[in-house]
Amino acid sequence: MAPGHVAYGMRVSFGAAHVTPQHVEAWERGVALPSAGELAALAGALWCHPRELMGRPRTLREHRIAQGVAAEDVARETGLSLHAYVRMEEADQWTGDGRQSEKLGRVLRLPPRDFVAVTGLEGELARLLTEAVTTRWQAHVRAIAKLLSMERKRLHAPLSAMCQEYQVLMAATLSRAGGTTASGEDGRRYLEEIVDHFWARFPEQS
């Protein structure tokens, strides 16, 4: 559809009276971004879901728009005032408690990886994974499963494999270092990227 046709459809059928072909052209070129309302109208005019017009959602606002959920609905479902929720979106910093975070994940249909990123739990996940691969991974399954709302048995194979990978890196480091306890660049890099290593084992969450 030409920009003029899209703009006309948005104006006539979806109440976006201000939208012109120039708006649509700017969105197509990436020099401007539609608002939440404009994105919904654009998706309607193109007979698709808003998330089909977006890249991978990253921010709290993008996840909400991708699901076609109003801010008022998210606030109500999570037990927040609309003002409090909108402030979190504007700052892109979720500060809800555990119960509210769980409800956020449900209303926005967040898979575990996005849930961790949006709710600011990536640092805690990195800490737990680091402890798991450097000590006994079995002792950390419960905490990681709780953090991700994931079944414990799904974590057994990934954590076991990651622990083995790390131990292989450390064994190679010790061998090169002549038996010293030097941590080694490979081991440090593995721990720095441990969250990525973890999610790589769950391609359906990527």
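Structure shown above.
The rules behind each value
Residues numbered from 1 in each chain as written. Predicted model: local features only at pLDDT ≥ 70, side-chain atom pairs only at ≥ 80, totals over all residues. Heavy atoms only, no water. Helix = DSSP H or I, 4+ residues; strand = E, 2+ residues; numbered from the N terminus. Rg over C-alpha atoms; globule rule 2.2 N^0.38 Å. Contact = heavy atoms within 4.5 Å. Areas by Shrake-Rupley, 256 points an atom, 1.4 Å probe, with all protein chains shown as cover. Core = buried A, V, L, I, M, F, W, Y, C linked by side-chain atoms within 4.5 Å. Buried < 20%, exposed > 50% of the residue type's maximum accessible area, 1.4 Å probe, protein only. Phe/Tyr/Trp six-rings, centres within 6.5 Å; stacked < 30°, edge-to-face > 60°. Patch = residues over 30% accessible without salt bridge, like charges linked within 9 Å, V, L, I, M, F, W, Y side chains within 5 Å. Salt bridge = Lys/Arg side-chain N within 4 Å of Asp/Glu carboxyl O. 1 Å grid on protein atoms, 1.4 Å probe; cavity = no way out; pocket = protein on both sides within 12 Å on 5 of 7 lines; lining within 4 Å. Points joined across faces, edges and corners; volume = space filled by probe spheres on them. Nonpolar A, V, L, I, M, F, W, Y, C, P; charged D, E, K, R; others polar.

What about the overall build of the protein?
On a plain count of helices and strands, the protein comes out with 13 helices and zero strands. For the protein, the succession of helices and strands along the chain, N to C, is α-α-α-α-α-α-α-α-α-α-α-α-α. A compact globule built from 206 residues would reach a C-alpha radius of gyration of about 17 Å, whereas the protein, at 22 Å, exceeds it by more than 25%. Along the three orthogonal principal directions, the C-alpha set of the protein runs to about 75 × 35 × 30 Å. Across the protein, contacts joining residues at least 24 apart in sequence account for 48% of those joining residues at least 6 apart. Summed over all atoms, the accessible surface of the protein reaches about 11,700 Å², with 52% contributed by carbon and sulfur.

Some points on the nonpolar core
Grouped together as the largest cluster of nonpolar side chains are 25 residues, with contacts concentrated most on L125, I144, L155 and F198. Breaking this core down by element, the ones donating at least two residues are α9 (122–134), α10 (141–148), α11 (153–176) and α13 (194–199). For this core, the leading source of residues is α11, giving six residues. In this structure, L125 is in contact with V116, I144, L147, L148, V195, F198 and W199, ignoring residues within four places of it in sequence. V74, L80, Y85 and L110 belong to the second-largest nonpolar core, a separate cluster that totals 15 residues.

A word on the packing of aromatic side chains
Taken as a whole and judged by the stated rule, the model has four aromatic pairs. Taken together, a centroid distance of 5.0 Å and an interplanar angle of 65° make the contact between F198 and W199 edge-to-face. For the pair F198 and W199, one class covers both residues: buried. Taken together, a centroid distance of 5.0 Å and an interplanar angle of 50° make the contact between F198 and F202 tilted. Like F202, F198 is buried. Three or more aromatic residues joined by ring pairs make a cluster, and in this case those are F198, W199 and F202.

Things to note about a nonpolar patch on the surface
Judged by side-chain polarity, M1, L46 and L53 come together as a nonpolar surface patch covering roughly 270 Å² of accessible area. Tracing the sequence through the fold places M1 in the segment before α1 (3–14). Assessed through its relative accessible area of 63%, M1 is described here as exposed.

Section: the environment of A91
With respect to the element layout, A91 can be found in helix α6 (residues 82–91). The spacing of A91 and T119 is 28 residues in sequence and 13 Å in space, taken between C-alpha atoms.

Section: unusual backbone geometry
Residue R109 is not a glycine yet carries a positive backbone phi of 55°. Among the structural elements, R109 can be located in the loop between α7 (98–107) and α8 (112–118). Residue S149 is not a glycine yet carries a positive backbone phi of 55°. Its place among the elements puts S149 in the loop between α10 and α11. With a relative accessible area of 63%, S149 lands in the exposed category.

A word on the layout of surface pockets
Unoccupied space between atoms shows up once a probe the size of one water molecule is rolled over them. Estimated volume of the second largest pocket: approximately 340 Å³. For the second largest pocket, the lining is made up of 17 residues, of which S101, E102, F115, L147 and S149 are closest to its centre. Those elements giving two or more residues to the lining of the second largest pocket turn out to be α7, α8 and α10. Considering every element that reaches the lining of the second largest pocket, the biggest residue donor is α7, with five residues. Here the residues of the lining of the second largest pocket sort into eight nonpolar, six polar and three charged.

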